[in-house]
Amino acid sequence: TEAVSHLAKMETQIDKLTHLVSDLLDVSKIQAGKLEFRKEWFPICDLIDETVETISATTDNHPIRVIRRSKAKIYADRDRIGQVLINLLTNAIKYSPEDKEVVVTISEKAGYVVISVRDFGVGISKEHQDKIFERFYRVFDSRDKTFPGLGMGLYISSQIVKRHNGKIWVKSTINKGSTFSFSLPLSSKKQK
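Asker: Help me understand the sheet that holds strand β6 (residues 167–173) in this model?
Answerer: Sheet strands associate in pairs through backbone hydrogen bonding, adopting either a parallel or an antiparallel arrangement. In space, the five strands of this open sheet follow the order β2-β4-β5-β7-β6, with mixed pairing throughout. A strand with exactly one partner marks an edge of an open sheet, and here the two such strands are β2 (64–68) and β6. Each strand axis lies, on average, 15° off the axis of its neighbour in the sheet, ignoring direction. As paired elements, β6 and strand β7 (residues 177–185) share seven bridges and run antiparallel to each other. Paired with I168 across the bridge in β7 is F182. Packing against the sheet, helix α3 (residues 78–94) makes contact with β2, β4 (102–109), β5 (112–118) and β7, and its axis sits at approximately 170° to β7. Of the strands in this sheet, β6 and β7 are in contact with helix α5 (residues 153–162), which crosses β6 at around 135°.

See below:
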């Protein structure tokens, strides 16, 4: 019915506003040095599987394939690392307008677990690749009309990863897609 349709639209808008407020709060906490972490040991594969299952339920057009080359446990804030994964996966889907798969790879390198999210979408030009992790940085070009956003997700993700003593980076080619990767230490002293 029409009432149900209006309620669904209202719920979608409320979800968007809630996400926006949450992002703004996180940015404020990051700037004030008050973004808190509740670290624990957990298998990274479990978190990735749960996150992929949740995101897969929101899209029929983008299958997500997971390649497991590590079964490592990490000492990190599970919810915050989940937030990074959600951001990278939703971006991969958003910037791949055609029905193309997204590939998540978990591997190990030099004492770190490395998680990569690869899409086969629009890609990012070289001039923007070094700047996209900056606060409120947006890529403005002819494609931008289709992909709204405020440029907070990658900034928040980069800060979460950095505060876990990890790194985040991107490799991308226009019209061939992007691979966003982040690394986290395989073993870490318990730090507050």
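Asker: Any chance you could explain the packing of helix α2 (residues 44–56) against α3 here in plain terms?
Answerer: For the pair α2 and α3, the least separation of the axes is 10 Å and the interaxial angle reads 45°. In terms of their interaxial angle, α2 and α3 are classed as oblique. For the element pair α2 and α3, the recorded crossing hand is right-handed. Contacts between α2 and α3 pair I44, D46, L47, I48, E50, T51, V52 and I55 from the former with R78, I81, G82, L85, I86, L89, T90 and I93 from the latter. For the contact of α2 with α3, a count of residues per class yields ten nonpolar, three polar and three charged.

Asker: Looking at this model, I keep getting lost on the confidence of the model for the protein. Mind explaining?
Answerer: Reading predicted coordinates in detail is not appropriate for stretches of low pLDDT. Of the residues in the protein, 73% reach a pLDDT of 70 or more, and the chain-wide mean stands at 81. Across the protein, the secondary-structure element scoring lowest on mean pLDDT is helix α1 (residues 2–31), at 62, and the one scoring highest is β5, at 97.

Asker: Just to check I follow, could you spell out the pattern of salt bridges for this structure?
Answerer: If the charged atoms of two oppositely charged side chains come close together, the side chains can form a pair. Taken as a whole and judged by the stated rule, the model has four salt bridges. Put simply, D79 and R38 hold a salt bridge, and the shortest N to O gap is 3.9 Å. Residue D79 is found in helix α3, and its partner R38 is found in the loop between α1 and β1 (39–43); the two are separated by 41 residues along the sequence.

Asker: Is there a simple way to explain the pairing of β4 in this structure?
Answerer: The two faces of a sheet get side chains in turn, since along a regular strand they alternate between them. Extensive coverage of β4 is indicated by the burial of six of its eight residues. Where β2 lies against β4, five bridges are found, and the strand directions are parallel. Across the sheet, the residue bridging to R65 is V103, located in β4. Looking at chain direction, β4 and β5 are connected through seven bridges and run antiparallel. Note on β5: the bridge partner recorded for I106 is I115. Between the antiparallel neighbours β4 and β5 lie two residues, among them A110 with a positive phi of about 50°.

Reading the values: the criteria
- Residues numbered from 1 in each chain as written.
- Predicted model: local features only at pLDDT ≥ 70, side-chain atom pairs only at ≥ 80, totals over all residues.
- Heavy atoms only, no water.
- Pairing = 2+ DSSP bridges.
- Helix = DSSP H or I, 4+ residues; strand = E, 2+ residues; numbered from the N terminus.
- Axes fitted to C-alpha atoms, helices over the stretch in contact; angles between N-to-C directions.
- Contact = heavy atoms within 4.5 Å.
- Parallel < 35°, antiparallel > 145°, perpendicular 65-115°, else oblique.
- Left-handed = near helix turned anticlockwise from the far one by under 90°.
- Nonpolar A, V, L, I, M, F, W, Y, C, P; charged D, E, K, R; others polar.
- pLDDT = per-residue confidence, 0-100.
- Salt bridge = Lys/Arg side-chain N within 4 Å of Asp/Glu carboxyl O.
- Buried < 20%, exposed > 50% of the residue type's maximum accessible area, 1.4 Å probe, protein only.

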